[in-house]
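Each chain is listed here by its residues.
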Amino acid sequence: MALDTAAPPDYDAVVVVSFGGPEDPEEVMPFLRNVTRGRGVPTRRLEEVAEHYLRRGGRSPINDQNRRLVAALDSALRKAGVDLPVYWGNRNWHPMLAEVVEAMRADGVRRSLAFVTSAFGSYSGCRQYREDIARAIAGCDGAPEIHKLRLYWNHPGFIEPMAEGVRGALSRLAGAHSTGPARLVFSAHSIPTAMAAGAPYERQLREAASLIAARVPTGVEDAHGWDLVYQSRSGPPSDPWLEPDVVDHLEALHREGVGDVVLVPLGFVSDHMEVIHDLDDEAAGAAAALGMRLERSPTVGTHPAFVDMIVELIRERLDPGVPRRALGNAGPWPDFCATDCCSRR
């Protein structure tokens, strides 16, 4: 079936496409092997990462978070009068996308929209999901067409809940023990610099951070500066990846005399294992060791404005007359990505 080509707006389903995660200790290593397949990651490194999951009972929170998102989206669609069933399939663990495509075919779905739980444009965050969808379709005779919804890094339904979370984190830091204006530190998943060169990833992250920071109340005496940092690097030390690392940056801020930090998980839409381990454990631990006060703002999760945004993205494709909203100067991302966008390099 054709993928990401113009089609009449007669869709009959929606599928949420996400990363996936283990839900039992016995699933951890098979899951990690799926994630790293073909990348030559040593078993020792996989065992180290597995410990992040095993310390929490071998269960990633991401699948439960996706179940809540699917339920919230189903309810919001019904409330909006949009009669589309909501499916859910993952890249790396059950329910696998290929299995879900087969179920959609069995249910008689002919053409579906796909909402991907990644707001920004990069190979792993956009193009690879399109490849996952194409592979699942190719492996299923009579599979439905599936068209991915547009990127939403600058949509009000993403930016406003993020800004709300930052304001809440700042209010928790405020008080007699404040050491001065808190620094906003926006974090996203690092990727190889060669991959970043062929993607809008960094540009979109910076614009989203700027849009969020602009919605945080400031005065002359309490202006908040902001920085963009990266986390979760997984490549060989010899390969250049996007920097600075979040922990390295906290140490640099400490040397500059910054005492209060709000850590913003900009590159993620739910509090899954990378957010919990890299930010709540490692980054927060580093800040505490340095004597810095750190508050981590929440991801959008199932915030009503975020769920309403997904409904809005769906309605855009059902009705070309629906306004396509976006904040800032970049405008809304197109429905169909260019063929050379976000290459793996």
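The residue numbers shown here count from 1 along each chain, following its written sequence. Restriction of local features to residues with pLDDT of at least 70 applies here, the model being predicted, together with a cutoff of 80 or more for giving and counting side-chain atom pairs; totals for whole chains, interfaces and linings are based on all residues. For side-chain calculations, the full set of non-hydrogen atoms in the structure is used, while hydrogens and water are omitted.

(A) Summary view of the overall build of the chain. In terms of regular secondary structure, the chain is built from 11 helices and 8 strands. Each radius of gyration is computed over the set of C-alpha atoms, and the globule rule expresses the reference value as 2.2 Å times the number of residues to the power 0.38. Taking 2.2 N^0.38 as the reference for a compact globule, 345 residues should give roughly 20 Å; the C-alpha atoms of the chain span a radius of gyration of 20 Å, in line with that estimate. Sorting the 345 residues of the chain into buried and exposed places 52% on the buried side. Working rule for contacts: check all heavy atoms of both residues, and any pair within 4.5 Å makes them a contact. For the chain, the share of sequence-separated contacts (at least 6 apart) that also reach a separation of at least 24 residues comes to 81%. Note that accessible areas follow from Shrake-Rupley with a 1.4 Å probe, and for residues the cover is restricted to the protein chains shown. Counting every atom, the chain has about 15,000 Å² of accessible surface; 51% of that belongs to carbon and sulfur. Each helix corresponds to a stretch of at least 4 residues labelled H or I by DSSP, and each strand to a stretch of at least 2 residues labelled E; elements are numbered beginning at the N terminus. Three exposure classes are used, based on accessible area relative to the maximum for each residue type with a 1.4 Å probe and protein chains only: buried under 20%, partly exposed in between, and exposed over 50%.

(B) Region of interest: the pairing of strand β8 (residues 293-296). Two strands make a pair as long as DSSP finds a minimum of two bridges between them. Alignment of strand β7 (residues 260-264) against β8, held across 4 bridges, turns out to be parallel. Within the sheet, the bridge partner assigned to D260 lies in β8 and is R293. By definition, the crossover connecting two strands over a helix is right-handed if that path, from the first strand to the second, turns clockwise as seen with the strands pointing away from the viewer. Each parallel crossover has a hand, and for β7 linked through helix α10 (residues 273-290) to β8 it is right-handed.

(C) Inspection of helix α2 (residues 43-54) at higher detail. By this rule the span expected of a helix is its residue count minus one, scaled by 1.5 Å. In this model, α2 (12 residues) spans 16 Å end to end at C-alpha, consistent with the 16 Å of a helix rising 1.5 Å per residue. Of all the residues in α2, the buried ones are L46, V49, A50, H52 and Y53. Looking down the long axis of α2, one finds its buried residues gathered within 140 degrees of arc, a one-sided arrangement. Tucked into the core, α2 has its buried residues touching α1 (28-36) and α10. It is the directions from the helix axis to the C-beta atoms that the arc portrays.

(D) Looking closely at the packing of aromatic side chains. Any pair of Phe, Tyr and Trp rings, taking the six-membered ring for Trp, is counted once the centres come within 6.5 Å. Such a pair is stacked with planes under 30 degrees apart, edge-to-face with planes over 60 apart, and tilted for the rest. Under the criterion given, the structure shown has 9 aromatic pairs. Both rings, one in F120 and one in F158, keep their centres 6.0 Å apart while their planes meet at 80 degrees; by these two values the pair is edge-to-face. Residue F120 is found in the loop between β3 (111-116) and α5 (123-138), and its partner F158 is found in helix α6 (residues 156-173); the two are separated by 38 residues along the sequence. For the residue pair F120 and F158, the accessibility class agrees, reading buried in each case. Ring pairing ties together the aromatic residues F115, F120, Y152, F158 and F306, which thus form one cluster. The ring of Y129 has R91 sitting right over it, with the charged end atom 3.7 Å from the ring centre. Should the NZ of a Lys or the CZ of an Arg lie within 6 Å of a ring centre and within 35 degrees of the ring normal, that charge is described as sitting over the ring.

(E) Looking closely at the nonpolar core. F158, L266 and F306 are the most contacted members of the largest nonpolar core, which has 66 residues in total. Ranked by residue count, the leading element in this core is α6, at 8 residues. Those residues in contact with F158 that sit more than four places away from it in its chain are A119, F120, Y152, W153, L266, V269, V300, F306 and M309. Among the nonpolar cores identified, the runner-up in size contains 18 residues, and A13, Y87, V109 and C140 belong to it. Definition of nonpolar core: a set of buried residues of the types Ala, Val, Leu, Ile, Met, Phe, Trp, Tyr and Cys, connected through side-chain atoms within 4.5 Å.

(F) Just the packing of helix α3 (residues 62-79) against helix α11 (residues 304-318), in detail. The interhelical angle for the contact between α3 and α11, taken along N-to-C directions, is 60 degrees, at an axis separation of 9 Å. With respect to each other, α3 and α11 are oriented oblique. Our pair here, α3 against α11, has a crossing hand that is right-handed. Counting all contacts with α3, which are made through L69, A72, L73, A76 and L77, the residues of α11 involved are F306, V307, D308, I310, V311 and I314. Polar here means any residue other than Ala, Val, Leu, Ile, Met, Phe, Trp, Tyr, Cys and Pro, which are nonpolar, and Asp, Glu, Lys and Arg, which are charged; Gly is therefore polar. Here the residues of the contact of α3 with α11 are counted per class, giving 10 nonpolar, no polar and 1 charged. A fitted line through C-alpha atoms serves as each axis, taken over the contacting stretch for helices, and the angle formed by two N-to-C directions is quoted from 0 to 180°. Should an angle lie under 35 degrees it is considered roughly parallel, over 145 roughly antiparallel, and from 65 to 115 roughly perpendicular; all remaining angles are considered oblique. Note: crossing handedness is left-handed where the near helix turns anticlockwise from the far helix by less than a right angle, and right-handed where it turns clockwise.

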